[in-house]
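# Topology and contacts: notes
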Amino acid sequence: MDVFTEMVVARVRAARARVERAARDRGTFGLREALDELEAALLLARSNGIEVPPIGGDDGTTRG
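Not measured: the values here are computed from a predicted model. (Residues numbered from 1 in each chain as written. Predicted model: local features only at pLDDT ≥ 70, side-chain atom pairs only at ≥ 80, totals over all residues. Heavy atoms only, no water.)

Let us now look at the overall build of the protein chain. Scanning the protein chain from N- to C-terminus turns up 2 helices and 0 strands. The buried share among the 64 residues of the protein chain stands at 25%. At a minimum sequence separation of 6, the contacts of the protein chain that also span at least 24 residues come to 55%. Accessible surface computed for the protein chain: about 4,500 Å², of which carbon and sulfur atoms make up 54%. (Helix = DSSP H or I, 4+ residues; strand = E, 2+ residues; numbered from the N terminus. Buried < 20%, exposed > 50% of the residue type's maximum accessible area, 1.4 Å probe, protein only. Contact = heavy atoms within 4.5 Å. Areas by Shrake-Rupley, 256 points an atom, 1.4 Å probe, with all protein chains shown as cover.)

For the coordinates displayed, the defined rule picks out 2 salt bridges. When the shortest N-O distance is used, the salt bridge between Arg11 and Glu37 registers 2.7 Å. One end of the pair, Arg11, is in helix 1 (residues 3-25); the other, Glu37, is in helix 2 (residues 28-47), and 26 residues separate them in sequence. Overall, the relative accessible area of 25% leaves Glu37 in the partly exposed class. One salt bridge connects Glu33 with Arg18, and the closest N-O pair in it is separated by 3.3 Å. Of the two residues, Glu33 is situated in helix 2 and Arg18 in helix 1; the sequence distance between them amounts to 15 residues. (Salt bridge = Lys/Arg side-chain N within 4 Å of Asp/Glu carboxyl O.)

Attention shifts here to helix 1. With 23 residues, helix 1 extends 33 Å from end C-alpha to end C-alpha; this agrees with the ideal 33 Å at 1.5 Å per step. The set of residues buried in helix 1 consists of Thr5, Val8, Val9, Val12, Ala15, Arg16, Val19 and Ala22. Packing partners of the buried residues in helix 1 comprise helix 2. Of the residues flanking the start of helix 1, the one acting as N-cap is Asp2, its side-chain oxygen 3.2 Å from the backbone nitrogen of Phe4. Once helix 1 ends, the next one or two residues include Arg26, with phi positive near 60°. (Expected span 1.5 Å × (residues − 1). Polar contact = N/O pair within 3.5 Å; in protein donor to acceptor, adjacent residues only side chain to side chain.)

Have a look at this one:
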């Protein structure tokens, strides 16, 4: 996996974690921001042909 792919996958993982935290905190504004970041990260991955692992998955099958 190249550096760019690793960075995109890390961004998706971080955004997923932020969504989880925001959902637990029940803050509408924070959750909206977190979802926007997750959407942007997933769009970046999709537009570059990067397959990210499923939620909770870290099996190393990410492809660029």
